[in-house]
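Here's the letter readout for the chains.
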Amino acid sequence: MVKTEKTYKRLKGSQSFRQRLLLSTLSSTPIIIEDIRTNETWPGLLSHEISLLRLFETVSDDCRVVINQTGTKLKYEPGTIMGGRINRPHDCGLSRSIGYFLEPLVVLCLFAKEPLTITLKGITNDSKDPSVDTFKSAAFHILKRFGVDFEALSLKIESRGLPPNGGGEVILSLPIVQSLNAVNWIDEGFVKKIRGVTFSTKVSSQFENSMIRAARGIINPLVSDVHIFTDHRTGPPAGNSPGYGILLVAETTTGCYISIDTAASHGRDEDTPDLADDVKKDLMPPEDIGEGIANALLEEIGQSGVVDSSYQGLLFLLCALCPQDFSKVRVGKLTQYGVKTLRNIRDLLDVKFIIKPDPDTQSVVLKCIGCGMKNLSRKIS
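Let us look at the structure shown here. Numbering of residues begins from 1 in every chain and follows the order in which that chain's sequence is written. Under the rules for a predicted model, residues below a pLDDT of 70 receive no local features and side-chain atom pairs below 80 are neither given nor counted, while totals for whole chains, interfaces and linings still include all residues. For side-chain calculations, the full set of non-hydrogen atoms in the structure is used, while hydrogens and water are omitted.

## A word on the overall build of the protein
The number of helices and strands found in the protein is nine helices and 19 strands. Since a compact globule built from 381 residues should have a radius of gyration of about 21 Å, the 21 Å found for the protein is in line with a globular shape. Whether two residues are in contact is decided by their heavy atoms: any pair within 4.5 Å suffices. Looking at the protein alone, contacts between residues at least 24 apart form 74% of all its contacts between residues at least 6 apart. Surface summary for the protein: the accessible area is close to 17400 Å², and the carbon and sulfur share equals 47%. For helices the rule is a DSSP run of H or I covering at least 4 residues; for strands it is a run of E covering at least 2, with both sets numbered from the N terminus onward. Put simply, the radius of gyration uses C-alpha atoms, and a globule should come to 2.2 Å times the residue count raised to 0.38. Using the Shrake-Rupley algorithm and a 1.4 Å probe, accessible areas are obtained, with residue cover drawn only from the displayed protein chains.

So, in structure tokens, the structure goes:
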């Protein structure tokens with residue numbers, strides 16, 4: 001018997017690493033990525049990218065990863081997505097937050113053999129990636145729109161972790177699907193209520209009160225139904241670094257959830273009696289954070305999309321993975337991440353979107369026929 005050689009799709013550069021890995025696995029397409037940061041001071045894969053590879057190995061069976069000595073070339077052969085209960089926590093490291101890992105992990109394991117339960121450790125809130133709070137408050141509702149069992153989605157924050165030392169821990173539980181549902185989702189509706197959460201770790205709870213007062217000063221005159229909850233933590237549940245932050249989510253009359261969040265963290269490693277004074281001196285004042293996040297939420301709402309800009313990529317991925325039926329969605333101004341997602345979907349799933357700007361609302365309507373992804377390996381009880 002003649003052994004057939006596997007055909008690899010060749011890609012270059014470090015951009016869109018998460019999505020390339022995700023789409024390669026879902027489409028069972030082996031890939032080779034070359035020239036990974038070859039011209040940079042620190043060439044090759046970064047620590048969070050290697051951690052993501054290890055995470056994919058954890059939830060999959062029989063996948064194969066080969067990295068050259070310099071880390072500038074990766075050969076990846078996807079395996080079977082197993083899911084299940086993972087007993088060993090996965091350390092996401094400190095260079096990127098847990099939010100960096102959530103999007104590819106969640107989409108991947110919807111098509112696993114068994115429902116996933118896994119503990120992730122690292123940074124829960126920072127100013128770079130969407131936080132675990134926004135994923136729970138906004139992304140889960142996007143998944144629900146595509147037919148994912150909302151009641152089976154769970155993201156429990158055991159402890160918060162802020163830069164630079166992390167210490168956060170979350171437990172993620174996901175259901176599996178046979179296939180997603182195509183959507184016609186273009187009516188963003190009107191904002192009917194705003195919910196929010198402030199948090200503080202290893203600092204005074206007065207930081208949260210200041211953020212709430214400042215945020216309410218902006219949004220209360222516009223929306224009457226506003227509730228912002230507090231989450232003050234000390235001891236082990238507060239992680240290893242002091243800081244504070246806020247999340248706001250606007251819910252509309254058509255079931256859209258527009259989210260925005262930010263976090264301010266301190267660089268000190270140990271608690272001292274004057275820690276609160278140092279934090280207040282070194283970081284943006286909580287009043288400015290509260291006002292800034294409220295104004296940012298109003299800007300997101302004004303873009304007239306059914307999701308906020310952080311989750312355009314997730315929305316496009318779910319549309320592309322739907323059955324071979326039309327999906328139609330509306331977003332605000334296309335982000336750079338959204339455009340890269342569309343290109344990756346075209347290259348690895350061969351799904352193309354029809355893009356039509358709406359001059360009346362300054363939004364963009366996108367249509368596509370899904371690739372017909374089905375979960376044929378799911379375990380049926």
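## A short note on the packing of helix H2 (residues 47-59) against helix H3 (residues 98-109)
Geometry of a packed helix pair, given as the angle between the helix axes and the separation of the axes. One can describe the packing of H2 onto H3 by two numbers: an axis separation of 11 Å at closest approach and a directional angle of 25 degrees. The orientation of H2 with respect to H3, classified from their angle, is roughly parallel. Considering how the two elements wind past one another, H2 and H3 form a crossing that is right-handed. Of the residues in H3, those touching H2 at His-48, Glu-49, Ser-51, Leu-52, Leu-55, Phe-56 and Val-59 are Tyr-100, Phe-101, Pro-104, Leu-105, Leu-108 and Cys-109. Across the contact of H2 with H3, the residue classes tally to ten nonpolar, two polar and one charged. What counts as an axis is a line fitted to C-alpha atoms, over the stretch in contact for a helix, and the angles between N-to-C directions run from 0 to 180 degrees. Each angle receives one of four descriptions, namely roughly parallel if under 35 degrees, roughly antiparallel if over 145, roughly perpendicular if within 65 to 115, and oblique otherwise. Each crossing gets its hand from how the near helix is turned against the far one by less than a right angle, where anticlockwise is left-handed and clockwise is right-handed. Under the grouping applied here, Gly and all other residues not named as nonpolar or charged are polar, the nonpolar ones being Ala, Val, Leu, Ile, Met, Phe, Trp, Tyr, Cys and Pro and the charged ones Asp, Glu, Lys and Arg.

## Observations concerning the sheet that holds strand S14 (residues 226-233)
One bridge is not enough; two strands pair if DSSP finds at least two bridges between them. The four strands are arranged S14-S13-S15-S16 in an open sheet whose pairing can be described as mixed. Of all the strands in the sheet, the pair left with one neighbour each is S14 and strand S16 (257-265). Sheet twist, expressed as the mean angle between neighbouring strand axes with direction ignored, is 10 degrees. Direction of pairing for strand S15 (residues 243-252) relative to S16: antiparallel, over a ladder of nine bridges. When the sheet's bridge partners are listed, Ile-246 is paired in S16 with Thr-262. Across the sheet, helix H5 (residues 206-219) touches strand S13 (191-201), S14 and S15, and the angle it forms with S14 is around 165 degrees. Where helix H7 (residues 286-302) meets the sheet, it contacts S13, S15 and S16, and its direction lies at approximately 155 degrees from that of S16.

## Description of the packing of aromatic side chains
The way to describe two aromatic rings as a pair is by their centre distance and the angle between their planes. The criterion for an aromatic pair is that two Phe, Tyr or Trp rings (for Trp, the six-membered ring) have centres within 6.5 Å, with stacked assigned to planes under 30 degrees apart, edge-to-face to planes over 60 apart and tilted to the rest. For the structure shown, the criterion picks out five aromatic pairs. Taking 5.1 Å as the distance between ring centres and 80 degrees as the angle between the ring planes, the aromatic pair formed by Tyr-100 and Phe-101 counts as edge-to-face. Partly exposed residues are those whose accessible area sits between 20% and 50% of the maximum for their type, while under 20% is buried and over 50% is exposed, using a 1.4 Å probe and protein chains only. We classify Phe-101 as buried; its relative accessible area is 0%. On the numbers, 6.0 Å between centres and 85 degrees between planes, the contact of Phe-135 with Phe-140 is edge-to-face. Phe-140 shares its class with Phe-135; the two are buried. Here a set of aromatic residues connected by ring pairs shows up, and it is made of Phe-135, Phe-140 and Tyr-311. Remark: a charge is flagged as sitting over a ring if the NZ atom of Lys or the CZ atom of Arg is within 6 Å of the ring centre and within 35 degrees of the ring normal. Taking the ring centre of Tyr-8 as reference, the NZ or CZ of Lys-75 above it sits at 5.4 Å.

## Some words on the packing of helix H1 (residues 17-26) against H3
The contact between H1 and H3 brings their axes to 10 Å, and the two run at 15 degrees. In terms of orientation, H1 lies roughly parallel with respect to H3. The chirality of how H1 crosses H3 is right-handed. The residues of H3 that touch H1, namely those facing Phe-17, Arg-18, Gln-19, Leu-22, Thr-25 and Leu-26, are Gly-99, Tyr-100, Glu-103, Pro-104, Val-107 and Leu-108. For the contact of H1 with H3, the residue count by class is seven nonpolar, three polar and two charged.

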